[in-house]
Amino acid sequence: PPGARLGPLDSFTTSSAGGWGIDLGAMEGRLLLKNCSVLGPGGAVTRGQAVLVEGTQIARVGPDLTIPALPGDWVVPCAGRLLIPGLVDCHSQLLASARARGTATPEEVAAISGHALALGLRFGVTTHFDQLHAPGAVQAALGAQGQIAQRLGARLIQSHASSSAAELEANAAAIRESKAPLVRGSIGLCSSSRCDDDCLTRAGRLREELGCGVQLQ
């Protein structure tokens, strides 16, 4: 809708699964998507539309002929393709392909997460919820994953599947140190059945201290 904000790299997804990755932060001028079919909040599709983006904000949506291109505009001829909001994957498991190999290193976390995030963007998934497991390098692994998400322009809500106070503290340290605008850290718990009372209490206190959410596997 008009006024909605876009991240530095949002995926405009078409009905043929051919998406465009557009670095809005590096662009000069307006971005104008012409002759597209827009999926609205109520599920209805309106054809023959134009979508105008100024900076990182959707400025206007309307019939194609009412929003003409101006000199300096970046014009994308959509040819009737479907334009939808970015999809949200609430249970991503970005490192699922690495489980058979044991615990991933921070470098492996970055590489495998980057592949999964890029594939998601290709098909219109712009936001991921993920809980990784790297007990030997919690803070470094979360940091590496957050950096690759920011680099690709994917929104990420991340945490660690913690089962001890030490892992919770490392999870919290990663949240404090994160400087990636598109990444939001949460306190993660492997499961309530694998955490003792002290661990659960500490997770609650960290949540209050950091003002963040809690992800429970």
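An account of the accompanying structure is given in this report. (Residues numbered from 1 in each chain as written. Predicted model: local features only at pLDDT ≥ 70, side-chain atom pairs only at ≥ 80, totals over all residues. Heavy atoms only, no water.)

Another aspect to go through is the packing of aromatic side chains. Scanning all chains against the criterion turns up 0 aromatic pairs. A cation over an aromatic ring shows up here: Arg122 above the ring of Phe123, its NZ or CZ 5.8 Å from the ring centre. (Phe/Tyr/Trp six-rings, centres within 6.5 Å; stacked < 30°, edge-to-face > 60°. Lys NZ or Arg CZ within 6 Å of the ring centre and 35° of its normal.)

Here we come to helix α1 (residues 106-122). Taking 1.5 Å per residue as the helical rise, α1 with its 17 residues ought to reach 24 Å, and the 24 Å between its terminal C-alpha atoms agrees with that figure. Residues Pro106, Val109, Ala110, Ile112, Ser113, Gly114, Leu117, Gly120 and Leu121 constitute the buried set of α1. (Helix = DSSP H or I, 4+ residues; strand = E, 2+ residues; numbered from the N terminus. Expected span 1.5 Å × (residues − 1). Buried < 20%, exposed > 50% of the residue type's maximum accessible area, 1.4 Å probe, protein only.)

We now examine the pairing of strand β5 (residues 57-63). As defined by bridge partners, strand β4 (residues 45-54) adjoins β5 across 6 bridges and the pair is classed as antiparallel. When the sheet's bridge partners are listed, Glu54 is paired in β5 with Gln57. Between the end of β4 and the start of β5, which pair antiparallel, lie 2 residues, with Gly55 showing a positive phi angle near 65 degrees. (Pairing = 2+ DSSP bridges.)

One non-glycine residue, Asn35, lies in the positive phi region at around 55 degrees. Here Asn35 lies in strand β3 (residues 31-39). Judged by its relative accessible area of 35%, Asn35 is partly exposed. Within the chain, Gln93 stands out as a residue other than glycine whose phi angle is a positive 50 degrees. Mapped onto the fold, Gln93 is located in the loop between β8 (87-89) and α1.

Once that is clear, we can look at the sheet that holds strand β11 (residues 183-185). Judged by pairing direction, the sheet is parallel, and its 4 strands sit side by side in the order β8-β9-β10-β11 without closing on themselves. Sheet topology places β8 and β11 at the edges, where each strand pairs with a single neighbour. Sheet twist, expressed as the average angle between the axes of neighbouring strands with direction ignored, equals 15 degrees. Pairing between β8 and strand β9 (residues 125-132): 3 bridges, direction parallel. (Axes fitted to C-alpha atoms, helices over the stretch in contact; angles between N-to-C directions.)

Relative to the assigned elements, Ile157 resides in strand β10 (residues 155-160). Through-space distance from the C-alpha of Ile157 to that of Gly213 is 9.4 Å; in sequence the pair is 56 residues apart. Other than its neighbours up to four places away in sequence, Ile157 contacts Thr127, His128, Phe129, Asp130, Arg184, Ser186 and Gln215. (Contact = heavy atoms within 4.5 Å.)

Our focus in this paragraph is the environment of Val88. Considering the arrangement of structural elements, one finds Val88 in strand β8. With 39 residues separating them along the chain, Val88 and Thr127 place their C-alpha atoms 4.7 Å apart. If sequence neighbours within four positions are ignored, Val88 has contacts with Thr127 and Phe129.

Attention now goes to helix α2 (residues 138-152). Here α2 is 15 residues long and its end C-alpha atoms lie 22 Å apart, about the 21 Å a rise of 1.5 Å per residue gives. Within α2, burial applies to Val138, Ala141, Leu142, Ala144, Gln145, Gly146, Ile148 and Ala149. Where the residues of α2 are buried, they touch α1, β9, β10, α3 (165-177) and β11.

This part is about the nonpolar core. One broad rule of soluble globular proteins: the nonpolar side chains tend to lie buried together. Of all hydrophobic cores here, the largest spans 12 residues; its members are Leu95, Ala98, Ala104, Val109, Ile112, Leu132, Ala134, Val138, Ala141, Leu142, Ala170 and Ala174. Mapped by element, the contributors of at least two residues to this core are α1, α2 and α3. Per element, the largest residue contribution to this core is 3 residues, and it comes from α2. In contact with Leu142, other than residues within four places in its own chain, are Leu132, Gln158, Ser159, His160, Asn171 and Ala174. (Core = buried A, V, L, I, M, F, W, Y, C linked by side-chain atoms within 4.5 Å.)

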